[in-house]
Amino acid sequence: MHPAVYKVGLQYLSGDISGGNARCIAMLQAFQEVVKDYSTPPEKTLNRDMAAKISSCVSFLRECRPLSVSMGNAIRFVKNRIAKLPMTLSESEAKAALKSDIERFINEKIIGADTVIVKHAVTKIRDGDVLLTYGSPTAVEMVLLHAHELGKKFRVLVVDSRPKLQGQLLLRRLIKRGINCAYTHINAISYIMHQVTKVFLGASSVFSNGTVYSRVGTACVAMVATAFRVPVLVCCEAYKFHERVILDYSICSSNELGDPNAISKVHGREDINYFDGLTNNANLKFLNLMYDATPSDYISMIITDYGMVPPTSVPVIVREYQKEHLL
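Draft legend 1. Broad picture of the overall build of the chain. Within the chain one finds 10 helices and 11 strands. For a compact globule of 327 residues, the expected C-alpha radius of gyration is about 20 Å, and the chain comes in at 21 Å, within 12% of that figure. By its C-alpha atoms, the chain is 70 × 55 × 40 Å across when sized along the principal axes. For the chain, the proportion of its 327 residues judged to be buried stands at 49%. Taking contacts inside the chain between residues at least 6 apart in sequence as the whole, the part at least 24 apart equals 79%. Summed over all atoms, the accessible surface of the chain reaches about 16,100 Å², with 54% contributed by carbon and sulfur.

Draft legend 2. Spatial organisation of the side chain of Asn73. Relative to the elements of secondary structure, Asn73 occurs in helix α4 (residues 69-83). Its relative accessible area of 5% is what places Asn73 among the buried residues.

Draft legend 3. Layout of the sheet that holds strand β6 (residues 212-215). Taken in spatial order, the four strands line up as β8-β5-β6-β9 in an open sheet, and their pairing is mixed. With partners counted over all chains shown, the strands left at the sheet margins are β8 (241-242) and β9 (291-294), one partner each. Pairing geometry for β6 and β9, over four bridges, is antiparallel. Looking at the pairing, Tyr213 lines up with Ala293 of β9. The strands that helix α9 (residues 218-227) touches are β6 and β9; relative to β9, the one it contacts most, it runs at about 30°.

Draft legend 4. Geometry of the packing of aromatic side chains. Under the criterion given, the structure shown has five aromatic pairs. Between Phe77 and Phe105 the ring centres are 4.7 Å apart and the planes differ by 35°, which places this aromatic pair in the tilted class. Of this pair, Phe77 sits in helix α4 while Phe105 sits in helix α5 (residues 91-121); the two residues are 28 residues apart in sequence, bridging distant segments of the chain. When sorted by exposure, Phe77 lands in the same class as Phe105, which is buried. Through a chain of ring-to-ring contacts, three or more aromatic side chains come together here, namely Phe77, Phe105 and Tyr239. Looking at Arg23, its charged tip hangs above the ring of Tyr12, at a distance of 5.5 Å from the centre. A cation over an aromatic ring shows up here: Arg215 above the ring of Tyr134, its NZ or CZ 4.9 Å from the ring centre.

Reading the values: rules and limits
Residues numbered from 1 in each chain as written. Predicted model: local features only at pLDDT ≥ 70, side-chain atom pairs only at ≥ 80, totals over all residues. Heavy atoms only, no water. Helix = DSSP H or I, 4+ residues; strand = E, 2+ residues; numbered from the N terminus. Rg over C-alpha atoms; globule rule 2.2 N^0.38 Å. Buried < 20%, exposed > 50% of the residue type's maximum accessible area, 1.4 Å probe, protein only. Contact = heavy atoms within 4.5 Å. Areas by Shrake-Rupley, 256 points an atom, 1.4 Å probe, with all protein chains shown as cover. Pairing = 2+ DSSP bridges. Axes fitted to C-alpha atoms, helices over the stretch in contact; angles between N-to-C directions. Phe/Tyr/Trp six-rings, centres within 6.5 Å; stacked < 30°, edge-to-face > 60°. Lys NZ or Arg CZ within 6 Å of the ring centre and 35° of its normal.

Honestly, that's just the spatial picture; any functional story needs more than this.
Written out as structure tokens, the structure is:
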């Protein structure tokens, strides 16, 4: 196993690298190192052998942490580019072309996509708005910071949940930049929703039927917002879209499971353990789901690097994206 891939896998395992974009960029940069140090074995072709090498790297990363949909799309892109390398190229030329393709994917489809999303999303923020976000989505943070730089006057409500409490990190960064914020947990969502004018959410992926797959709790926030007639806007890059149709992603084998002990303990209160004596009970299993599925009925608009679209238009973006990168 290449040291760069091994390092990234361990960082996935420890949680040092988290978030869809960060995980995908780290994986692609590790692939660049694999390509850089690659040399074709005797009696083998570069296309087939390098594809096998990438597949072994993917298998290792999957053992460290299940792959996200966006990472799967990026892997398909890399394998597609390997398969399409002309046989007439020398090994050094083929490696340079592949590294360039990976770099272009990172710059255009991840970093550049976020820049376009920010430009679209800030047009939806007005002076006096009260914006609610959940967790710590990177794209939404960029939108809020850019809107603040433009001089727009708004307030942010950061909603969070145990056990990760990622919203606290977002809260600190927003306050540091001078943005007026409030912080609460998800159990108070219905109490504060009446003062919210717009909800901005992130997404791990979006499926073809408009279902948004994101951090567990997102569906609850979107559902309550819809009940209060508050528009829900989801910021998601097009490379996270998938042609699959999902009806309920929460309770299924594809969902990622977190540390079961994390939900039985209260952070900062080691003396509190409501499940003391039950952890070894054969009839009890702790279920710490990492993601949930938000039906398209609860989504007002999806903001992507292809523009702002309703959930019903997701198949169009999936088709255009695949036409651009895979066909």
